[in-house]
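Summary of structural features
Now for the letters of each chain:
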Amino acid sequence: MGETISIADRARKGFVLGTTASLSDLCVTEGLGLAGLDFVWIDTEHTPLDKKDVCAHLVAAKAAGIASLVRVPWNDPVLMKPILDMGPDGVVVPYIRSVEEARRAIAAFHNPPKGIRGFGPLRASGYGTYPIAAGATSAPRPVAVFLQAEHRDCIACLDGILALEGLDGIIVGPMDLSASYGKLGQLDDPALVRVMDELARKVVASGRILGISMGYDPGRVAAWIGRGVSLMSLGIDIEILIAGARNLRGAVDRQLAAPAPAGGRPRAARKRPARKG
């Protein structure tokens, strides 16, 4: 837990790119760091990752020099507390639908009197080796606070959420957001595009970080960059693994199907075996 520039400060000053870790092996996060990504999004909302898995990914992230965001399953301080004590660079709280929900989420990051977080001298505080000043639990650097805009109710009260103290950024969940309007996956729908344009405009104007978590699509990536996004999580580890394997399979199949070089030995005809089931 050395003194490095926080993920929030890096996003404010430029652009950070990451992807989601859903697999339990810590080598996933280490490999993503070696690939040159800026952060790993460790997801506990939609994956089977448990607390031990999360902690292992956080240790691997530090070793690989990649920042870490953990998305908790729900806006619940009981679920958030052990994750905060593990010392991630940021925590993402999903499905915020009101100013009061946003206020409760932010309070879970802080000790009294500012919030409701309990003291735990664990990884976030260097296992008790960091100086504890004025009741602050963690230490060299605060955990970045990200809330997700994934429902039309959040859009309706966005001004109030953006006015709250202690909020670093808003990360858009476009699929759930589209579903809340009865248009699941219709991300090019003109009405939804207007909603996202206005959402982005407000977040950027407030000085908060605008983030997006979605699958990779060149046109949508360009659109969000144009809206001022500075934190982007694209795809997921297993998706990247499948895409890489398909590219490898396709490249070798094309080589096998190509004509033999002049004067070379003819290639034996080969067919891929049919898949069972």
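Above this note sits the structure.
Below is a summary of the structure that appears in this document. (Residues numbered from 1 in each chain as written. Predicted model: local features only at pLDDT ≥ 70, side-chain atom pairs only at ≥ 80, totals over all residues. Heavy atoms only, no water.)

Within the chain, the regular secondary structure consists of 11 helices and 8 strands. Within the chain, the fraction of its 277 residues that count as buried is 44%. Residue pairs in contact within the chain that sit at least 24 positions apart in sequence constitute 59% of those at least 6 positions apart. (Helix = DSSP H or I, 4+ residues; strand = E, 2+ residues; numbered from the N terminus. Buried < 20%, exposed > 50% of the residue type's maximum accessible area, 1.4 Å probe, protein only. Contact = heavy atoms within 4.5 Å.)

So, on to the nonpolar core. Residues Val93, Leu147, Ile161, Leu199 and Trp224 are the most contacted members of the largest nonpolar core, which totals 54 residues. Broken down by element, the residue count for this core peaks at 5 residues, all from helix H9 (residues 190-206). When neighbours within four sequence positions are excluded, Trp224 is seen to be in contact with Val172, Met196, Ala200, Leu210, Ile212, Met214, Val229 and Met232. The next biggest cluster of nonpolar side chains, apart from the first, holds 14 residues, and it includes Ala8, Ala11, Leu69 and Val92. (Core = buried A, V, L, I, M, F, W, Y, C linked by side-chain atoms within 4.5 Å.)

With that settled, consider unusual backbone geometry. A cis amide bond links Pro112 to the next residue, Pro113, at an omega of 5°. Residue position: Pro113 is located in the loop between helix H5 (99-107) and strand E5 (144-149). The backbone phi angle of Tyr95 is positive, close to 55°, even though this residue is not glycine. Take Tyr95: it is sitting in the loop between strand E4 (90-93) and H5.

Next up on the list: the pattern of salt bridges. Side-chain pairs of opposite charge can arise where the charged atoms are in close proximity. Evaluation of the coordinates by the stated rule reveals 14 salt bridges. A salt bridge links Asp168 to Arg12, with the shortest nitrogen-to-oxygen separation between them at 2.4 Å. Placement of Asp168 in the loop between helix H7 (158-162) and strand E6 (169-172) and of Arg12 in helix H1 (residues 7-13) is noted, with a sequence separation of 156 residues between them. Residue class for Asp168 comes out buried when judged on its relative accessible area of 14%. Close ionic contact of Arg249 with Asp253 constitutes a salt bridge, the shortest N to O distance being 2.7 Å. In this pair, Arg249 and Asp253 both sit in helix H11 (residues 237-257), 4 residues apart, roughly one turn of the helix. Here the salt bridges do not stand alone but share partners, grouping Asp9, Arg12 and Asp168 into one network. (Salt bridge = Lys/Arg side-chain N within 4 Å of Asp/Glu carboxyl O.)

Our focus in this paragraph is the packing of aromatic side chains. One pass over the full model with this rule turns up 1 aromatic pair. Directly above the ring of Trp224 sits Arg227, whose terminal nitrogen or CZ lies 4.4 Å from the centroid. (Phe/Tyr/Trp six-rings, centres within 6.5 Å; stacked < 30°, edge-to-face > 60°. Lys NZ or Arg CZ within 6 Å of the ring centre and 35° of its normal.)

Following both chains from N to C, one finds helix H2 (residues 27-34) and helix H3 (residues 51-64) inclined at 25°, their axes separated by 8 Å at the closest point. Here H2 is positioned roughly parallel relative to H3, judged by the angle of their axes. Between H2 and H3 lies a crossing whose hand is right-handed. Across from Val28, Thr29, Glu30 and Gly33 in H2, the residues of H3 making contact are His57, Ala60, Ala61 and Ala64. Residues of the contact of H2 with H3, tallied by class, amount to 4 nonpolar, 3 polar and 1 charged. (Axes fitted to C-alpha atoms, helices over the stretch in contact; angles between N-to-C directions. Parallel < 35°, antiparallel > 145°, perpendicular 65-115°, else oblique. Left-handed = near helix turned anticlockwise from the far one by under 90°. Nonpolar A, V, L, I, M, F, W, Y, C, P; charged D, E, K, R; others polar.)

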